Amino acid sequence: MDAMTTTKKPAPVTALELQAMRRRGERIVALTAYDYTMARMADEAGVDFILVGDSLAMVMLGHDSTLPVTMDEMVHHTKAVVRGTRRALVVADLPFGSYHASVADAVNNAARFLKEAGAHAVKLEGGHEHQVNCIRAIAQSGIPVVAHLGFTPQAVHAIGMRVQAKTEDTIKALLAQALAVEEAGACCVVLELGPAEVAEAVTQRLQVPTIGIGAGIGCSGQIQVVHDLLGMYPDFQPKHAKRYADLHATMVAAIGAYAGEVRGGSFPEAGHSAHVELPAQLGH
Ligand code: KIV
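This write-up is about the structure you can find in this document.

The rules behind each value
Residues numbered from 1 in each chain as written. Predicted model: local features only at pLDDT ≥ 70, side-chain atom pairs only at ≥ 80, totals over all residues. Heavy atoms only, no water. Helix = DSSP H or I, 4+ residues; strand = E, 2+ residues; numbered from the N terminus. Buried < 20%, exposed > 50% of the residue type's maximum accessible area, 1.4 Å probe, protein only. Contact = heavy atoms within 4.5 Å. Areas by Shrake-Rupley, 256 points an atom, 1.4 Å probe, with all protein chains shown as cover. Lys, Arg positive; Asp, Glu negative; His and termini not counted. Charge placed at Lys NZ, Arg CZ, Asp CG, Glu CD. Pairing = 2+ DSSP bridges. Axes fitted to C-alpha atoms, helices over the stretch in contact; angles between N-to-C directions. Patch = residues over 30% accessible without salt bridge, like charges linked within 9 Å, V, L, I, M, F, W, Y side chains within 5 Å. Salt bridge = Lys/Arg side-chain N within 4 Å of Asp/Glu carboxyl O. Core = buried A, V, L, I, M, F, W, Y, C linked by side-chain atoms within 4.5 Å. Phe/Tyr/Trp six-rings, centres within 6.5 Å; stacked < 30°, edge-to-face > 60°.

## Comments concerning the overall build of the chain
Check the secondary structure of the chain and you find 12 helices and eight strands. For the chain, the spread of C-alpha atoms along the principal axes amounts to about 85 × 40 × 35 Å. Across the 284 residues of the chain, 46% fall into the buried class. For the chain, contacts bridging at least 24 residues in sequence account for 60% of all contacts bridging at least 6. Only carbon and sulfur atoms are counted for the fraction: they give 58% of the accessible area of the chain, which is about 14600 Å². Treating the 23 positive side-chain charges of the chain as one cloud and the 29 negative ones as another, the clouds have centres 6 Å apart.

Structure, rendered in structure tokens:
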């Protein structure tokens, strides 16, 4: 038995608990994770909300946008994250194409995440009528659903990669979408790349918590992509991300040290292997 099974399981964070945290004025800590090892570290560090983000298309699979990742790939990664999590709420991201054609697709794919992967909630992007209908149907099916507004990466080809809601009209549109997704049953709202003042004003008008990314300090909580936080994705460093470590450099150096020792004949040392007395006919 390992430590995961022997120590007492902490009370799990639920979607309702996130709302209670907002009422108590406790900031919600959210982070992405895409595999067992990373989920276990995030959970151990006290993260409340682990998102199996479709950003895994880029940081785990090497695509240049989030669009190519499939439902099957998302389910595969979500299963691993669930195995590594004891306390945090695990939210699985509905990928591009999994809810775009119909509300029925949205509910079926949301249910797959709970049934096949063990996720506790799902997230989808956008606040237009179709997405509001998807949120309503998923919520009415008894599946907690997180909305994602502001910059929505799955719509990158339509809206560009830029800060949203900077003009009076677009600020009002964002607020209207936030109220609509809340009314439809979203249990919280991710706000990505919106001006801090706008995100704070939206947060004040909602009952449910907001989770900001590049949206200032006035949200109910914050989310980051774990690879940005740990310096593990050298291809791109978003302005909104703060690096708490430079693991890319640390890991490349460690692997380089291993390679050097293998080539130089100093690894493995005697203690890294089992040893026996050889029978006489095999001895030197
Ligand atoms: O996929 C993701 O990582 C996300 C976060 C940026 C919120 O949606």
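Having seen it, we continue.
## Re unusual backbone geometry
Here the residue pair Phe-267 and Pro-268 is connected by a cis peptide bond, since its omega of 0° sits within 30 degrees of zero. One non-glycine residue, Ala-165, lies in the positive phi region at around 55°. With respect to the helices and strands, the residue Ala-165 is situated in the loop between helix H8 (156-159) and helix H9 (168-184). Positive phi values are uncommon outside glycine, yet Leu-193 reaches one of about 50°.

## Remarks on the sheet that holds strand S7 (residues 210-213)
Taken together, eight strands build a closed barrel; the order of strands is S1-S2-S3-S4-S5-S6-S7-S8 and the barrel is parallel. In this sheet, adjacent strand axes meet at a mean angle of 25° when their direction is disregarded. Across two bridges, the pairing between S7 and strand S8 (residues 221-224) is parallel. In the strand pairing of S8, Gly-212 is matched with Gln-222.

## Things to note about the environment of Val-29
Tracing the backbone shows Val-29 in strand S1 (residues 28-32). In this structure the C-alpha to C-alpha distance between Val-29 and Ile-211, which are 182 residues apart in sequence, comes to 8.5 Å. In contact with Val-29, not counting residues within four places along its chain, are Val-47, Asp-48, Phe-49 and Gln-222.

## Some remarks on a nonpolar patch on the surface
A cluster of nonpolar residues, Met-251, Ile-255, Tyr-258, Val-262 and Phe-267, forms a patch on the protein surface that exposes about 480 Å² of accessible area. Here Phe-267 is to be found in the segment after helix H12 (247-264). Its relative accessible area of 31% is what places Phe-267 among the partly exposed residues.

## Description of the nonpolar core
Counting 57 residues, the largest nonpolar core has Phe-113 and Ile-138 as the members making the most contacts within it. Val-13, Val-146, Cys-187 and Ile-211 belong to the second-largest nonpolar core, a separate cluster that totals 18 residues.

## Some words on the packing of aromatic side chains
For any pair of aromatic rings, the description consists of the separation of the ring centres together with the inter-plane angle of the planes. All chains considered together, the criterion is met by one aromatic pair. Taking 5.8 Å as the distance between ring centres and 70° as the angle between the ring planes, the aromatic pair formed by Tyr-258 and Phe-267 counts as edge-to-face.

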